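Each chain, written out:
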Amino acid sequence: MLKTRSFLSTIQEENMKWIGVLSLVTLSECFVTIPLMKIKSMRENLRGKNLLKDYLEKHPYRPAYKFLHKQPNSGITFEPMRNYLDLSYVGTISIGTPPQEFRVIFDTGSADLWVPSIYCSSQACAKHNVFNPRLSSTFRNTGQPITLNYGSGSMSGFLGYDTVQIGDLVDVSQAFGLSQTESIQSLEYGDFDGILGLSYPSIALQGATPVFDNLWKQGLIPQNLFAFYLSSHKKEGSVVMFGRVDPSYYKGDLKWVPVTKPGYWQISMDSISMNGKVIACDGGCQAIVDTGTALLIGPNDPILNILKSINAQSTDSGEHIVNCDAINTLPDILFTINGVEYPVPASAYIYEVDSHTCYSNFESSSLNLEIWVLGDVFLRLYFTVFDRANDRVGLAPAAAV
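So, here is what we can say about the structure in this document. (Residues numbered from 1 in each chain as written. Predicted model: local features only at pLDDT ≥ 70, side-chain atom pairs only at ≥ 80, totals over all residues. Heavy atoms only, no water.)

Looking only at helices and strands, one finds eight helices and 29 strands in the chain. Expressed as a percentage of its 401 residues, the buried residues of the chain come to 57%. Excluding contacts between residues fewer than 6 apart, the proportion of contacts in the chain whose partners are at least 24 apart in sequence is 71%. (Helix = DSSP H or I, 4+ residues; strand = E, 2+ residues; numbered from the N terminus. Buried < 20%, exposed > 50% of the residue type's maximum accessible area, 1.4 Å probe, protein only. Contact = heavy atoms within 4.5 Å.)

Per the counting criterion, the structure on display carries three disulfides. Across the disulfide from Cys120 sits Cys125; the S-S distance is 2.0 Å. Taking the sign of the S-S torsion, about 75° here, the bridge from Cys120 to Cys125 comes out right-handed. The pair formed by Cys120 and Cys125 is uniform in burial state, with each residue classed as buried. Shown here is the disulfide that connects Cys281 with Cys285, its sulfur atoms set 2.0 Å apart. As the torsion about the S-S bond is roughly -105°, the Cys281-Cys285 disulfide counts as left-handed. (Disulfide = S-S within 2.5 Å.)

Let us look at the nonpolar core. Residues Phe106, Phe242 and Phe378 are the most contacted members of the largest nonpolar core, which totals 76 residues. In terms of nonpolar packing, the next biggest core, distinct from the first, is built from 16 residues, Trp114, Leu148, Leu159 and Ile195 among them. (Core = buried A, V, L, I, M, F, W, Y, C linked by side-chain atoms within 4.5 Å.)

Read from one edge of the open sheet, five strands run E15-E18-E27-E19-E26, paired in mixed fashion. This sheet does not close on itself; its edge strands, each paired only once, are strand E15 (266–269) and strand E26 (362–364). Across the sheet, the axes of successive neighbouring strands diverge by a mean angle of 25°, strand direction being ignored. Two elements, E15 and strand E18 (residues 285–289), share four bridges in a ladder whose sense is antiparallel. Across the sheet, Ser268 pairs through a bridge with Gln286, a residue of E18. Running over the sheet, helix H6 (residues 300–309) touches strand E19 (296–298), E26 and strand E27 (371–374) and is turned about 150° from E26. (Pairing = 2+ DSSP bridges. Axes fitted to C-alpha atoms, helices over the stretch in contact; angles between N-to-C directions.)

All right, on to the pattern of salt bridges then. Counting across every chain of the model gives two salt bridges. Here Asp387 ties to Arg392 by a salt bridge, and the two come within 2.8 Å at their closest N and O atoms. We classify Asp387 as buried; its relative accessible area is 1%. According to the relative accessible area criterion, Arg392 is partly exposed, its value standing at 21%. (Salt bridge = Lys/Arg side-chain N within 4 Å of Asp/Glu carboxyl O.)

Turning to the pairing of strand E17 (residues 277–280), a few remarks are in order. Summarising the sheet, strand E16 (residues 271–274) and E17 pair through three bridges and their orientation is antiparallel. In the sheet register, Ser273 faces E17, and the bridge partner there is Val278. The antiparallel hairpin formed by E16 and E17 contains two residues in its connecting segment, where Asn275 sits at a positive phi of about 55°.

Note the cis peptide between Thr97 and Pro98, where omega equals 0°. Residue position: Pro98 is located in the loop between strand E5 (89–95) and strand E6 (100–107). Located in the positive-phi region is Asn275, a residue other than glycine, with phi close to 55°. Tracing the sequence through the fold places Asn275 in the loop between E16 and E17. Since its relative accessible area comes to 67%, Asn275 is described here as exposed. The backbone of Asp391 sits at a positive phi, close to 50°, despite the residue not being glycine. Relative to the elements of secondary structure, Asp391 occurs in the loop between strand E28 (382–387) and strand E29 (392–397).

Looking now at the side chain of Thr384. Within the element layout of this structure, Thr384 appears in strand E28. Assessed through its relative accessible area of 1%, Thr384 is described here as buried. A distance of 2.9 Å separates a polar side-chain atom of Thr384 from the backbone oxygen of Tyr382. What Thr384 contacts, discounting residues up to four positions off in sequence, is Phe226, Ala227, Phe228, Val289, Leu379, Val393, Gly394 and Leu395. (Polar contact = N/O pair within 3.5 Å; in protein donor to acceptor, adjacent residues only side chain to side chain.)

Right, let's get into the pairing of E27. Residue alternation in E27 divides its side chains into two sets, Ile371 and Val373 and Trp372 and Leu374, and both sets are buried. For E19 and E27, the ladder comprises two bridges, and the chain directions are antiparallel. Looking at E27, one finds that Leu296 is bridged to Leu374.

All right, on to the side chain of Asp162 then. The residue Asp162 is located in strand E9 (residues 153–166) in this model. One buried charged residue, Asp162, forms no salt bridge at all, with the nearest opposite charge on Arg140 at 9.0 Å. A distance of 2.6 Å separates the side chain of Asp162 from the side chain of Ser136, its partner in a polar contact. A polar contact of 2.4 Å, which involves the side chain of Asp162, links it to the side chain of Thr138. When sequence neighbours within four positions are dropped, the list of residues in contact with Asp162 reads Ile95, Gly96, Thr97, Phe131, Ser136, Thr138, Phe139, Asp171, Val172, Ser173, Gln174 and Phe176. (Lys, Arg positive; Asp, Glu negative; His and termini not counted.)

In structure tokens:
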């Protein structure tokens, strides 16, 4: 029998934590912490405008993951399909010389950087900041067309190179996508301009080196890792840090989990249980740690079993509502990873719109893949380190900062 222990109950002495951190990284001024702002997700915006039901009916295919598929002879690169309906954390970067600012999602579930361009005539682009390569003295055009396919549409454009600044880090000659068409209706309602991918280069656009890989190759950060702290309730306070770990953002010790398949940040999970009974992932399963997904996503049958366990009811739009009183009565759901239990309380897996309307934060993958996605619902509870040097993920209970 697998021996487990409750993670949240394990708090070590503060000086021991600092010793562990100092053994992991060299404290240096050559690192950067980027503030992230919590925004309304596209789902919330669509729901607030009474457009969500219509949107979900038109786009029932809500993908989580699909392995990279390239057609080298077509001149177009296809990227894994992503669902950005629930993203809610953005940070600011700049591109070009002089710099042009953009609000982007820092996304560990994709590998590429893209922003809208002045050549885009789609309605989604009209509502966001657009990059003008004519105003940048350091821009270089490759002429390579790109297409990023999504479940609800696509983004087409071309690949370029320019200087990208993230805080005080200046990444020169960075490949990024410039959109020309965005046939993705939901992006009109997203409070962000583009995406900055932080997964492995194996799933990046053909010919493009991801931003984080360039930060490391150009010697801009002291350690080959980055970390996320996502605040639960405050609009501000969330951060992504590059190059070292700040221990003030977590409690206890980091527990490490090996990456099982570099590409996405994919790990092995032991089980998912409730009230001492395994309700999903019986015998083990694979999971992806993804800042670009807000919810907890899994295969259809296990998700239905969890929804049944929390008495969730299906709505006409395909979402699942839960009695709001259940937030105070339902038990924690335990995600056991590498022998350690990570409790997720009802206050996290149930989303309270108001005192009378609550939704489940569990959702099934329409791709019918036997893989789980640990999104922001999980990551708000656990400070997360993405260690490229050692191909591992570190988890520790998030501190109240």
